[in-house]
Structures are given as C-alpha cells and as structure tokens.
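Reading the structure
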Amino acid sequence: VRAEFTPQATTTPAWLPAQLGAAEEAWVTEDSVSMLHEAVTAGALLYQLVEYEDRMPLVLVAADLAVCRSGASTVAEISIAGLPAVLVPLPHAPNDHQRANTAELVAARGAVVVEDAELTAERLAAELEPLIDSDDRRRAMARAAAAVARPDAADAVARLVLDAGGIHTDVAGS
C-alpha cells in the first residue's frame, strides 16, 4: 500500500505534514489499511493498493520505522534492517505465536507492541508521535533492533540439521 499525504485535510495530526510533506510518500503494508481507515475517511491520507512488493529488504532499509504484524520473518527482517517498529501481533495466530515473536525485540527496546484490539488512529498516533519527534529515540531503537538480529541464523540452522544427520561439513564458509 502506498499512502500519500494530502495537506488540505483538516483532521491531520500536527506532526504529519512536517514528516511527510505534500509530495512525499510513506510505505505501509496491506495489514495497515485497516489502521488507516479513519484517516482515509477523514481525508488525511490517500492510498493505493499494490499487489505485491518483492523488494522488501530495500523498503525496510529505506524506512525510518515500521508499523507491522509480528510474524517470525517480519520480526527477523526488521531486526536485521535495524528498523524500529510498532508491532501489532495478529490476535488469532495459532498459539499466540506472533506475540511470542515480539518478546526479544521488545525486551531489547527495539520495538513496542500495540494489541490489535487497542489499535485506533489515536493510539497509533500516540505511539508514533514520540518516535517521529525524536531522532535519538529512533536511533536507539534501531541499535536495539540490530543488536538482537541474527543474520547468520539460516547457516546456524543448516549446521544443526547437518550435525543431527551426522553430516559434518563446512556450511557457508563457517
């Protein structure tokens, strides 16, 4: 989803114009469409659905922060990108695994969690305003997110599988 600020909206939060400007664009996920419903209805945002974005690593490293679900791959990717985040666990995920996925990142202070049932435009603004207003806080969260990243996780899992199978080989030069 591509969201674009429209400066003529009267219900725009005070911090939004300064951050987005009239011609800039902000990238959000399809999951975020429901969060933006109130802003769209009020005329504060226009959005365009995009079928698929296959360059997510590029999108993530270009972003200043993310508002997203907390699937395992997403949490791993935002950690590797060193991207501060507002995580919204999917409430009906089996065994509440999305909430579990947030634990290490939140404990490190690289992300905050907002429950799906609590996610309103006001709550989202309350979480985003301090992040948008403080470069230092975003940088600290980015460092915390990067500190818990495990960019070698795939190699480590491959080594475990190979070791369990009695195959001792050099995986990815390690």
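So, a few notes on the structure that sits alongside this text. None of the values given here were measured: they were computed from a predicted structure.

Quick look at the layout of surface pockets now. Of the voids in this model, the second largest pocket is the one considered here, and its volume is about 250 Å³. Taken together, 13 residues form the lining of the second largest pocket, with V75, A76, E104, V148 and R150 sitting closest to its centre. For the lining of the second largest pocket, the secondary structure elements donating two or more residues are α4 (72–81) and α5 (97–107). In terms of residue count, α4 provides more of the lining of the second largest pocket than any other element does, five residues in total.

Among the nonpolar cores identified, the biggest contains twelve residues, and these are L60, A66, C68, V75, I78, L83, A85, L87, L105, A111, A145 and V148. Secondary structure elements with two or more residues in this core: β4 (66–68), α4 and β5 (85–87). Excluding anything up to four places from it in sequence, A145 contacts I78, S79, G82, L83, L105 and G110. Formed by eleven residues, the second largest nonpolar core is a distinct cluster that contains V112, L128, I132 and M141.

Here the focus is the environment of A144. Note on placement: A144 falls in helix α7 (residues 135–147). Using a relative accessible area of 11% as the deciding quantity, one classes A144 as buried. Put simply, A144 and A108 are 36 residues apart on the chain and 5.6 Å apart in space, counted from C-alpha to C-alpha.

This part covers the environment of A103. Along the polypeptide, A103 turns up in helix α5. Under the relative-accessibility criterion, A103 is labelled partly exposed at 46%. When the C-alpha atoms of A103 and V113 are compared, they prove to be 9.4 Å apart, with ten residues separating the residues in sequence.

Below, the discussion takes up the side chain of R138. Structurally, R138 is set in helix α7. Among residues more than four places away in sequence, those in contact with R138 are D64, L65, P84, L131, I132 and D133.

For the coordinates displayed, the defined rule picks out eight salt bridges. The closest approach of N and O atoms between E127 and R123, which form a salt bridge, is 3.0 Å. With E127 and R123 both in helix α6 (residues 121–133) and four residues apart, the pair spans about one turn of that helix. Ionic pairing is found between R138 and D135, a salt bridge with its closest N-O pair at 2.3 Å. Here D135 and R138 lie together in helix α7, a separation of three residues that amounts to about one turn. Assessed through its relative accessible area of 15%, R138 is described here as buried. Each of D96, R99 and E115 takes part in one network of salt bridges that share partners.

Turning to the side chain of Q98, a few remarks are in order. The residue Q98 is located in helix α5 in this model. Residue class for Q98 comes out buried when judged on its relative accessible area of 9%. Residues contacting Q98, with those up to four places away along its chain left out, are R69, S70, G71, V88, P89, L90 and A93.

Quick look at the packing of α6 against α7 now. In the contact formed by α6 and α7, the axes pass within 5 Å of each other and the chain directions differ by 100 degrees. One finds that α6 runs roughly perpendicular with respect to α7. Residues P130, L131, I132 and D133 of α6 form the contact with α7, whose own contacting residues are D135, R137, R138 and M141.

Scoring rules and cut-offs
Residues numbered from 1 in each chain as written. Predicted model: local features only at pLDDT ≥ 70, side-chain atom pairs only at ≥ 80, totals over all residues. Heavy atoms only, no water. 1 Å grid on protein atoms, 1.4 Å probe; cavity = no way out; pocket = protein on both sides within 12 Å on 5 of 7 lines; lining within 4 Å. Points joined across faces, edges and corners; volume = space filled by probe spheres on them. Helix = DSSP H or I, 4+ residues; strand = E, 2+ residues; numbered from the N terminus. Core = buried A, V, L, I, M, F, W, Y, C linked by side-chain atoms within 4.5 Å. Buried < 20%, exposed > 50% of the residue type's maximum accessible area, 1.4 Å probe, protein only. Contact = heavy atoms within 4.5 Å. Salt bridge = Lys/Arg side-chain N within 4 Å of Asp/Glu carboxyl O. Axes fitted to C-alpha atoms, helices over the stretch in contact; angles between N-to-C directions. Parallel < 35°, antiparallel > 145°, perpendicular 65-115°, else oblique.

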